[in-house]
Amino acid sequence: LSGMLEFNTKIRYGFTSRGVPLYLFRPYNEAYPPLLVAYKETIRENQLAVVAFEHWDSDTVNTFPRGGLVHILGPAGVKDVEKAAIAFQYSPWGWSKKTVPEMLVMPSREGRYILDKPTINIDPPGCCDIDDILSLWEEDGIWNLAISIADVAAFVALNPSLQFAEKIGQTLYTATGKVVRAMFPPKFSEDLFSLLPGEERFVVSLFAKWDGEALYDFKWKECIVRNWASYTYENCWNASESKIDIGILRNIVNSLGSDVGDTHKWVEALMLLYNSEAAAVLKTAGAGLLRIHDAPEKEILSKMDWLGLPAKELAYPAAVYATADAVGGHWG
């Protein structure tokens, strides 16, 4: 657990049997109560630390559980220390030399569709773990779109050691797209799994046709694809160099209700489409997990707006994960 170790206080919580002072530790994870932690050095300012839950004596009433200090991250209030503590809170696990496999068993090419059409990715500058790409081409007078996401699951199925990623759960990024904690080792997430230009990769693709007003005829395929080129949100207007008709792409994004003037919204709209169609498949099959997001309470939302508070951040409920038979949609 990461949190605050309170040294800057006059309150005393006693000593261990060896005479080591006990200090109060407040975890960021509020599912845990404050813990008492032993520390023998003298420090006058509060520290952010990582602590392991040890025990809570059931026969003792109104006392705190005990925790063991793993290590101190640094003084509270220091920006980099605060960032490290927050990152640890959301992802306490990480890959080590012992858990990273040397080589991986590769998925089979058999039965996969070869998607050899104009294909690009749009990501922040310097992005190395490219996980989604889009293909756009005209065939027999009809425009076709394919949205593809790296098929990492195909590797995990053949390489059980990669299941350690379940503990990590997600890749954490800064606002600029820099990886803070990777769900998979960078030697894989930024290479073998990444949809790098010029490299043949395994993907799961959503195909659709475009009639000038709306997308239709959605189909799913496991594919092998080669990304043609990387673009940023700023220079993707030049994607025509890779034989992508940027005007058609704008029209498709516009039909999805997105702001065509903001290229960040292009990728967002396409990813929402991909996820919504995937959710429909799971719902029909009655399998898997769905992400459900309820609407905010209008009264709270309007009150926060009136007070000048960041209403969207404070009044919106958190999304939840539910089984495919659950009732609910995705308001957001």
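Worth saying up front: this structure is predicted, and the values here are computed from it rather than measured. (Residues numbered from 1 in each chain as written. Predicted model: local features only at pLDDT ≥ 70, side-chain atom pairs only at ≥ 80, totals over all residues. Heavy atoms only, no water.)

## Focus: the overall build of the chain
Then comes step 1: Per the secondary structure count, the chain includes eight helices and 16 strands.
Then comes step 2: If one aligns the C-alpha atoms of the chain with their principal axes, the spans along those axes are about 80 × 55 × 40 Å.
Then comes step 3: Split into buried and exposed, the 332 residues of the chain put 37% on the buried side.
Then comes step 4: Partitioning the contacts of the chain with sequence separation of at least 6, the portion at a separation of at least 24 is 61%.
Then comes step 5: For the chain, the accessible surface area stands at approximately 19,600 Å², while carbon and sulfur atoms represent 53% of it.
Then comes step 6: Computed over 31 positive and 42 negative side-chain charges, the inter-centroid distance for the chain is 8 Å. (Helix = DSSP H or I, 4+ residues; strand = E, 2+ residues; numbered from the N terminus. Buried < 20%, exposed > 50% of the residue type's maximum accessible area, 1.4 Å probe, protein only. Contact = heavy atoms within 4.5 Å. Areas by Shrake-Rupley, 256 points an atom, 1.4 Å probe, with all protein chains shown as cover. Lys, Arg positive; Asp, Glu negative; His and termini not counted. Charge placed at Lys NZ, Arg CZ, Asp CG, Glu CD.)

## Focus on the sheet that holds strand β2 (residues 22-27)
The strands making up a sheet associate through backbone hydrogen bonding, with each pair oriented either parallel or antiparallel.
Then comes step 1: The sheet built from five strands closes into a barrel, its strands ordered β1-β2-β3-β5-β4 with mixed pairing. Averaged over all pairs of adjacent strands, the angle between strand axes in this sheet comes to 50°, irrespective of strand direction.
Then comes step 2: Summarising the sheet, strand β4 (residues 47-55) and strand β5 (residues 66-75) pair through eight bridges and their orientation is antiparallel. When the sheet's bridge partners are listed, V51 is paired in β5 with L69. (Pairing = 2+ DSSP bridges. Axes fitted to C-alpha atoms, helices over the stretch in contact; angles between N-to-C directions.)

## Some details on the packing of helix α5 (residues 246-255) against helix α6 (residues 263-285)
Then comes step 1: In contact at an axis separation of 10 Å, α5 and α6 are set at 60° when each is read in the N-to-C sense. Judged by the angle between their axes, α5 and α6 are oblique. Where α5 crosses over α6, the handedness of that crossing is left-handed. When α5 is examined against α6, the residues I246, L249, R250 and V253 are found in contact with a partner set consisting of W266, A269 and L270.
Then comes step 2: Considering only residue class, the contact of α5 with α6 consists of six nonpolar, no polar and one charged. (Parallel < 35°, antiparallel > 145°, perpendicular 65-115°, else oblique. Left-handed = near helix turned anticlockwise from the far one by under 90°. Nonpolar A, V, L, I, M, F, W, Y, C, P; charged D, E, K, R; others polar.)

## Topic: the side chain of R201
Then comes step 1: With respect to the helices, strands and loops of the structure, R201 is situated in strand β12 (residues 200-210).
Then comes step 2: Discounting residues that sit within four places of it in the chain, R201 has contacts with D191, L192, S194, L195, L196, C223, I224 and V225.

## Observations concerning α5
Then comes step 1: Buried residues of α5: I246, I248, L249, I252 and V253, and no others. Considered in projection along α5, the buried side chains sweep an arc of 155° and stay on one side of the axis.
Then comes step 2: Considering only its buried residues, α5 is in contact with β8 (132-139), β9 (142-150), β12, β13 (215-226) and α6.
Then comes step 3: The opening residue of α5 is D245, an N-cap whose side-chain oxygen sits 3.0 Å from the backbone nitrogen of G247.
Then comes step 4: Among the residues trailing α5, G257 stands out with phi positive, at a value near 85°. (Arc of directions from axis to C-beta. Polar contact = N/O pair within 3.5 Å; in protein donor to acceptor, adjacent residues only side chain to side chain.)

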